[in-house]
Every structure is written in C-alpha cells, then in structure tokens.
Amino acid sequence: MGHGDAGRLAGKVALITGGARGIGRAQAVRFAQEGADVIVVDRCAPVEHSTTPGASPEDLRETVRQVEALGRRIVARKADVRDQAELDAAVADGVDELGRLDIVCAAAGISSAAPAAKLDEEVWQTMLDVNLTGVWKTCKAAIPHLLATGRGGSIVLVSSIAGLRGLVGVGHYAAAKTGVVGLMRGLAQELAEHRIRVNTVHPANTRTTMIQNEGTMRSFCPGEEHPTQEQFEAGTQSMHLLPVPMLEPEDIANASLFLASDEARFITGVTLPVDAGHCVK
C-alpha cells in the first residue's frame, strides 16, 4: 500500500503526460508513493521525425502496474498531446473517475538533431507541435479542472537545459523548450489569483529512451557510427559539473514532487535546473 494520509501529496490527483516510461513514469510512481492518484496519458507509438523510439502499450501497462502496486488509483489513456480532443477526453475520464485534479506534469516530448539551418521543415514543425504546442494543449485540457477544484494547484512543465542555454545541433529543440519557459511565465501570471502555481524543471542528460538510443548517442560521439556506452557516457559526463554521466528519471521526479507539494506553496514562475551543475559549468 502507499503512504496514504502520511504522503506529501495525500488526497491529490495528478495528470502526467508521457507517462508510459522515462520521466513521466518516474513522476507517476513517485507521486503515488506520496499518496497521489494519477491520470497518465501517452501516445504509445513512435512520433514521425523523431529519434526517440515510441513507447508501447506494454510500457503504459507497466506504469499502471507500478502505481497500483503502491495501493493508488490510476487512469491510463492513449492520447497524443498534439490532439486536443484526445487530451480533453482523457483528462475528463480521469477526473470523472478520480474526482478532482490538483497537479499537472507535462513530460511528453521527443528528440531529433541537425544543424538549425539544415533542418527539414517537417522536423522543425513536429518538434514544436509535440514539445511546445503539446504542452500548451495539455495545460488547456487541465486548467478548467484545476480551477473547478477551487483549492489551487501546481503545474510542472518539463523543459530542458536547452530551455536555458544553447546546445549544438538541437536549435528546434531549444526553441521549443525555451518556448515552454515563456508559456510557464505567462500561465504563472494568469493563474496566480487562483493559487495555481506554474514552474519548469530543466533536466540535463537523463537516462531515458530519449537519450539512450543510437541516434542520440551518435550525436554525442562525432565520427563514431556505433558508439559504445563508454564513449557516450564520456560525452555526457563532460557536460556536467558533478561527476555523473547521467541523471536518473527519479531525480527529475523528486524535483517535480517538491514543486507539486505544499512545501513549494509560494514558489511560482521559477526555472529549476536539475542538471548536475551543467548550467553553471
């Protein structure tokens, strides 16, 4: 069983996108450990023009299994964050079943890489559609339910270190993730009177399928057709101030938990790096 009344999110319901695996799953499980019931959505299929392999329906079922093993309730739905009707329906289903909505985590995202001047238009557009517009559509689907609860709430948008500084070969990703910061700041202003807080977390290299795939690994090891894990981790390590090659999804989930909890009740409009010191290196 979960922590129930003792948990930091006891009695609360959280919506998490990209919840089939990676940071989204880690958020769902961590929040459940702290007493939350969760609504998770995931496309459960690859996205075109992305180097990130698609999650599977089995991945989503595993998230359900882990949350239920903690004694918490979970509503899992297949939905693409680019599709407002799918998102609206998934969130409405979840709120109908679980009774309310207090927390939103937008973790769904894709990756791809190329110099900005050489990006295909479709690659650029898909990146913005998923990683920026999809975050806005998630907020659009969720905010009416947060307002209906009448007790405030917390929105945590997953940006990236690329939302705070430039990186080579991911100009479209940096543009989308920086756009998420602008959206967060606007929402923080608009929702403050309703005691709904809005913040971003900014992970550095995190051990998820978005990074841990040959397409992305190759971009860290120029000239290596099939880079080894050692070569790859030497590349990721070099970006961090602390001596770690990769963060774990749980590290991002822990920061999200803090921002979602009442411990952060007066924190809104902030960009929180969870980056092993990358941004100050």
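Note that the structure is predicted; figures quoted are calculated from it, not measured.

Peer 1: How do you make sense of the environment of Ala188 when you look at a structure like this?
Peer 2: Note that Ala188 resides in helix α5 (residues 171-191). Look past the residues within four positions of Ala188 in its chain and what remains in contact with it is Val198, Thr268 and Gly269.

Peer 1: What should I look at first to understand the layout of surface pockets in this one?
Peer 2: One way to see where empty space is left: roll a probe the size of a water molecule over the atoms. Volume-wise, the second largest pocket comes out at about 410 Å³. Together, 21 residues line the second largest pocket, and Arg151, Gly152, Gly153, Arg195 and Asp262 are the ones closest to its centre. Contributions of two or more residues to the lining of the second largest pocket are made by β5 (153-158) and β6 (196-203). Grouping the amino acids of the lining of the second largest pocket by side-chain chemistry returns 7 nonpolar, 6 polar and 8 charged.

Peer 1: Where do I start with the side chain of Asp37 in this structure?
Peer 2: With respect to the helices and strands, Asp37 occurs in strand β2 (residues 37-42). A polar side-chain atom of Asp37 sits 2.9 Å from the main-chain amide nitrogen of Arg73. Each residue touching Asp37, except ones within four places of it in the same chain, is listed here: Lys12, Val13, Ala14, Arg72, Arg73 and Leu98.

Peer 1: Help me understand the packing of aromatic side chains, please; the structure alone is not making it clear to me.
Peer 2: The description of an aromatic ring pair uses the distance of the two centres, along with the angle that the planes make with each other. Using the criterion set out here, one finds 1 aromatic pair in the structure. Centre to centre, the rings of Phe220 and Phe232 are 5.4 Å apart; their planes meet at 80°, and the pair counts as edge-to-face. In this pair, Phe220 is assigned in helix α6 (residues 214-220) and Phe232 in helix α7 (residues 229-238), connecting sequence segments 12 residues apart. On the basis of relative accessible area, Phe232 is assigned to the buried category, the value being 0%.

Peer 1: So what exactly am I meant to see when it comes to the packing of helix α1 (residues 22-33) against helix α8 (residues 249-260) here?
Peer 2: Axis angle and axis distance: for two packed helices, these are the angle between their axes and the distance between the axes, and together they describe the pair. In contact at an axis separation of 8 Å, α1 and α8 are set at 55° when each is read in the N-to-C sense. Judged by the angle between their axes, α1 and α8 are oblique. Considering only the axes of α1 and α8, their crossing is right-handed. Along its contact with α1, which presents Gly22, Ile23, Ala26, Gln27, Arg30 and Phe31, the element α8 presents Pro249, Glu250, Ile252, Ala253, Asn254, Ser256, Leu257 and Ala260.

Peer 1: Which parts of the structure should I look at to understand the pairing of strand β4 (residues 103-106)?
Peer 2: Here β4 shows two buried faces, one formed by Ile103 and Cys105 and the other by Val104 and Ala106. Pairing of strand β1 (residues 13-17) with β4 involves 4 bridges; the strand directions are parallel. From the neighbouring strand, Ala14 faces β4, where its bridge partner is Ile103. Across 4 bridges, β4 lies against β5 in parallel orientation. What sits directly across from Ile103, in β5, is Ser154.

Peer 1: What should I look at first to understand the pairing of β5 in this one?
Peer 2: For a regular strand, the rule is simple: side chains alternate between the two faces of the sheet. Counting buried residues along β5, 6 of its 6 residues qualify, which places the element largely inside the surrounding structure. Residue alternation in β5 divides its side chains into two sets, Gly153, Ile155 and Leu157 and Ser154, Val156 and Val158, and both sets are buried. For the handedness criterion, the β-α-β arrangement of β4, helix α4 (residues 121-149) and β5 is classed as right-handed. Judged from the 6 bridges that link them, β5 and β6 form a sheet pairing that is parallel. When the bridges of β6 are listed, Gly153 appears paired with Ile196. Assessed by its sense of winding, the connection that carries the chain from β5 through α5 to β6 is right-handed.

Peer 1: For this particular structure, what's the right way to read the pattern of salt bridges?
Peer 2: For side chains bearing opposite charge, pairing can occur when the charged atoms are close. Per the counting criterion, the structure on display carries 16 salt bridges. A salt bridge links Glu58 to Arg61; the nearest nitrogen and oxygen atoms lie 2.8 Å apart. In this pair, Glu58 and Arg61 are both assigned in helix α2 (residues 57-69), 3 residues apart and thus about one turn of the helix distant. By relative accessible area, which is 47% here, Glu58 ends up partly exposed. Through salt bridges with shared partners, one network takes in Arg43, Glu48, Asp80 and Arg82.

Peer 1: How should α8 be read in this particular structure?
Peer 2: The α-helix advances 3.6 residues per turn, and as a result positions three or four apart in sequence lie on the same side. Helix length check: α8 (12 residues) gives 16 Å between terminal C-alpha atoms against 16 Å at 1.5 Å per residue, within 8%. In the core, the buried residues of α8 are packed alongside α1, β4, β5, β6 and β7 (271-274).

Peer 1: Would you explain the sheet that holds strand β3 (residues 74-78) in this entry?
Peer 2: Sheet architecture is open: 7 strands sit in the order β3-β2-β1-β4-β5-β6-β7, paired in parallel fashion. Strands at the two margins of the open sheet, each flanked by one partner only, are β3 and β7. Neighbour-to-neighbour, the strand axes of the sheet open up by a mean angle of 15°, direction not taken into account. Bridging between β2 and β3 involves 5 bridges; their strand directions are parallel. By the bridge assignment, Val41 is partnered in β3 with Arg77. Its contacts with the sheet place α5 against β5, β6 and β7, and it is angled at close to 160° to β6. Lying over the sheet, α8 contacts β4, β5, β6 and β7, oriented at roughly 165° with respect to β6.

Reading the values: the criteria
- Residues numbered from 1 in each chain as written.
- Predicted model: local features only at pLDDT ≥ 70, side-chain atom pairs only at ≥ 80, totals over all residues.
- Heavy atoms only, no water.
- Helix = DSSP H or I, 4+ residues; strand = E, 2+ residues; numbered from the N terminus.
- Contact = heavy atoms within 4.5 Å.
- 1 Å grid on protein atoms, 1.4 Å probe; cavity = no way out; pocket = protein on both sides within 12 Å on 5 of 7 lines; lining within 4 Å.
- Points joined across faces, edges and corners; volume = space filled by probe spheres on them.
- Nonpolar A, V, L, I, M, F, W, Y, C, P; charged D, E, K, R; others polar.
- Polar contact = N/O pair within 3.5 Å; in protein donor to acceptor, adjacent residues only side chain to side chain.
- Phe/Tyr/Trp six-rings, centres within 6.5 Å; stacked < 30°, edge-to-face > 60°.
- Buried < 20%, exposed > 50% of the residue type's maximum accessible area, 1.4 Å probe, protein only.
- Axes fitted to C-alpha atoms, helices over the stretch in contact; angles between N-to-C directions.
- Parallel < 35°, antiparallel > 145°, perpendicular 65-115°, else oblique.
- Left-handed = near helix turned anticlockwise from the far one by under 90°.
- Pairing = 2+ DSSP bridges.
- Right-handed = clockwise from strand over helix to strand, strands pointing away.
- Salt bridge = Lys/Arg side-chain N within 4 Å of Asp/Glu carboxyl O.
- Expected span 1.5 Å × (residues − 1).

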